[in-house]
Amino acid sequence: MHPAATKFTPFARLAWQASGYIIAAGVFLAAYIDWRPAAILFTFSDLLFIVGAVALLFASRMSLRPLGNSTAYWYFAVSVMLLGLFLGSMINGDPVRWLIATIQYSFGLIILPILLINQGQERTHLFARAQIAGVVMLELGSIAMLVIFKGDYEELKIFGQEFVTGTGRLSSLLADPNWNAAVIAMTLPFLYYFRVRRLIGQFSFYFSLSILFTALVLCASVTGTVGAVLASAIFVIVGRIRISRMLVLVAVASTALFIVSRSELPQAFQNRVAPAFESGDLELAGTYTGRIALIREAWNMTGNTMIVGLGADQFRVVSVSKAPVHNLFLLLWTEGGLPAMLAWLALMGILVSRASRAVRINRLDGAFALSVFSAFFVFSAAAPHMYARMWVVPLFLALAPALALKEEKDFSRTRL
């Protein structure tokens, strides 16, 4: 049921108002993965989402069709993917691991769209602001801690076991520097979108942008850098955004600073990212060689997992390297069979279809959705299971305006 479809009782009105702030708090903390009450992947953000969902139920304002006419196809594709993992787990793997994966994916792919999409423009903007504020404050605090503790690996463990890696890469509260870079890459289009719509001031925009770019360099993630560049390019090109002189000056100054002060850049960035971009040789990019070996191993397994896979989380068990392949398409193919992988492709197709359709109606909303999706897609080819909420929260938030299509004003000639 759409939020505007029924009248409020006093109690329902209170529940409705409370749910907005509770869900926004969940969005704010979505990237704070290390903040959780137990060792399992259940964070304080997840707890807030559950409380917000209960409040929505009391308010009778929960829409079960967040993707509109595509919702039934979405639910079907999720079901096929989980069924593929179920068959593999029952025949070859561990049913308990399937249950865990099913709960995680169901929460991320079914519950969260219901909470974050089709909630009205005011709430959509509230949640998007929470995404920006949460990530910017996380990275600002992380940079501050790096400076205060001078990057000391042992001392920084008080904030998280892998707050910073042994090689000096910034993981923050996401336990992995590549995950941290992914969050940054998917949050950048939120800043662009808000700036073009004049929902954020110039100072706040440039300050937040500088924090995110600084943190991205400290992550020293090739995939994160590629995702950020691609998302930014798609937003500008598809949205037909004219770049302001100020932004051009900032970009030129930053590039000049990069060239002049190369020796002052973080060592991890110099070792992992810079050589790959300067030479164009991906083999110089961090753990590229090891990941390619895992991809080849997974590809060789697919001939035996066309129908029935290995089961959820079983690739790492049978792999020579005892690690999951960092490619979600191949991971689903080997663990859930070809149907599971095709189901994931169907989910991606639904998102691209809805975002592309929006481009024809409201170019800016469509560009926003496509830019965040592009960063998400880049990481789906370089990450294992993506059920952690830090992956899907920005994805669905970016899709929300494209699905609403209520804005009539043309922003295509507005400057960043």
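Quick caveat, the model's predicted, so the values are computed rather than measured.

### Remarks on the overall build of the protein
Right, so step 1: Secondary structure assignment for the protein yields 16 helices and zero strands.
Right, so step 2: Evaluated residue by residue, the protein yields a buried proportion of 54% over its 416 residues.
Right, so step 3: The contacts in the protein between residues at least 6 apart in sequence include a share of 74% that link residues at least 24 apart.
Right, so step 4: In the structure as shown, the protein presents an accessible area of about 18,400 Å², 67% of it carried by carbon and sulfur atoms.

### Remarks on the environment of Ile 292
Right, so step 1: In this structure, Ile 292 sits in helix α12 (residues 288-301).
Right, so step 2: Note on Ile 292: relative accessible area 22%, which makes it partly exposed.
Right, so step 3: Remark: the alpha-carbon pair of Ile 292 and His 326, spanning 34 residues in sequence, is separated by 8.8 Å.

### Looking at the packing of helix α5 (residues 121-148) against helix α16 (residues 389-404)
Right, so step 1: Interhelical geometry of α5 versus α16 gives an angle of 145° and a closest axis separation of 10 Å. The handedness of the crossing between α5 and α16 comes out as left-handed. In this structure, α5 contributes Thr 124, Phe 127 and Gln 131 to the contact, and α16 contributes Val 393, Pro 394, Leu 397, Ala 400 and Pro 401.
Right, so step 2: The class makeup of the residues in the contact of α5 with α16 is six nonpolar, two polar and no charged.

### Notes on the packing of helix α6 (residues 177-196) against helix α7 (residues 202-219)
Right, so step 1: One way to put it is that α6 packs onto α7 with a least axis distance of 9 Å and a crossing angle of 160°. In terms of axis orientation, α6 runs roughly antiparallel to α7. The crossing of α6 and α7 is left-handed. Contacts between α6 and α7 involve Pro 177, Asn 180, Ala 181, Ile 184, Thr 187, Leu 188, Leu 191, Tyr 192 and Arg 195 from the former and Gln 202, Phe 205, Ser 208, Leu 209, Leu 212, Phe 213, Ala 215, Leu 216 and Cys 219 from the latter.
Right, so step 2: Residue classes in the contact of α6 with α7 are distributed as 13 nonpolar, four polar and one charged.

### So, helix α4 (residues 95-116)
Right, so step 1: With 22 residues, α4 extends 30 Å between its outermost C-alpha atoms, agreeing within 8% with the 32 Å of an ideal straight helix rising 1.5 Å per residue.
Right, so step 2: Where α4 begins, the side chain of Asp 94 points an oxygen toward the backbone nitrogen of Val 96, at a separation of 3.0 Å.
Right, so step 3: Immediately downstream of α4, the backbone of Asn 118 shows phi near 65°, a positive value.

### Digging into the pattern of salt bridges
Right, so step 1: Counted by the stated rule, this structure contains four salt bridges.
Right, so step 2: For the salt bridge of Asp 313 with Arg 97, the shortest nitrogen-to-oxygen distance reads 2.6 Å. Taken together, the positions of Asp 313 in the loop between α12 and α13 (315-318) and Arg 97 in helix α4 put the pair 216 residues apart, joining distant regions of the chain.
Right, so step 3: Accessibility expressed as a relative area gives 9% for Asp 313, which makes it buried.
Right, so step 4: Across the salt bridge formed by Glu 154 and Lys 157, the nearest N and O atoms sit 3.6 Å from each other.

### A word on unusual backbone geometry
Right, so step 1: Phi at Ser 60 is positive, roughly 55°, even though this residue is not glycine.
Right, so step 2: Structurally, Ser 60 is set in the loop between α2 (44-59) and α3 (71-91).
Right, so step 3: Even without being glycine, Ala 175 reaches a positive phi, approximately 70°.
Right, so step 4: On the secondary structure map, Ala 175 appears in the loop between α5 and α6.
Right, so step 5: Owing to a relative accessible area of 35%, Ala 175 belongs among the partly exposed residues under this scheme.

### So, α7
Right, so step 1: In this model, α7 (18 residues) spans 26 Å end to end at C-alpha, consistent with the 26 Å of a helix rising 1.5 Å per residue.
Right, so step 2: Listing the buried residues of α7 in full gives Phe 205, Tyr 206, Ser 208, Leu 209, Ile 211, Leu 212, Ala 215, Leu 216, Leu 218 and Cys 219.

### Here's the deal with the packing of aromatic side chains
Right, so step 1: Per the stated rule, a full pass over the model turns up 20 aromatic pairs.
Right, so step 2: Seen in terms of ring centroids, Phe 28 and Tyr 32 are 5.9 Å apart; in terms of plane orientation they differ by 20°. Their pairing is stacked.
Right, so step 3: We classify Phe 28 as partly exposed; its relative accessible area is 24%.
Right, so step 4: One aromatic cluster in this structure is built from Phe 190, Tyr 193, Phe 194 and Phe 368.
Right, so step 5: In this structure, Arg 123 packs its charged tip against the face of Trp 16, placed 3.5 Å from the ring centre.

Cut-offs used in this document
Residues numbered from 1 in each chain as written. Predicted model: local features only at pLDDT ≥ 70, side-chain atom pairs only at ≥ 80, totals over all residues. Heavy atoms only, no water. Helix = DSSP H or I, 4+ residues; strand = E, 2+ residues; numbered from the N terminus. Buried < 20%, exposed > 50% of the residue type's maximum accessible area, 1.4 Å probe, protein only. Contact = heavy atoms within 4.5 Å. Areas by Shrake-Rupley, 256 points an atom, 1.4 Å probe, with all protein chains shown as cover. Axes fitted to C-alpha atoms, helices over the stretch in contact; angles between N-to-C directions. Left-handed = near helix turned anticlockwise from the far one by under 90°. Nonpolar A, V, L, I, M, F, W, Y, C, P; charged D, E, K, R; others polar. Parallel < 35°, antiparallel > 145°, perpendicular 65-115°, else oblique. Expected span 1.5 Å × (residues − 1). Polar contact = N/O pair within 3.5 Å; in protein donor to acceptor, adjacent residues only side chain to side chain. Salt bridge = Lys/Arg side-chain N within 4 Å of Asp/Glu carboxyl O. Phe/Tyr/Trp six-rings, centres within 6.5 Å; stacked < 30°, edge-to-face > 60°. Lys NZ or Arg CZ within 6 Å of the ring centre and 35° of its normal.

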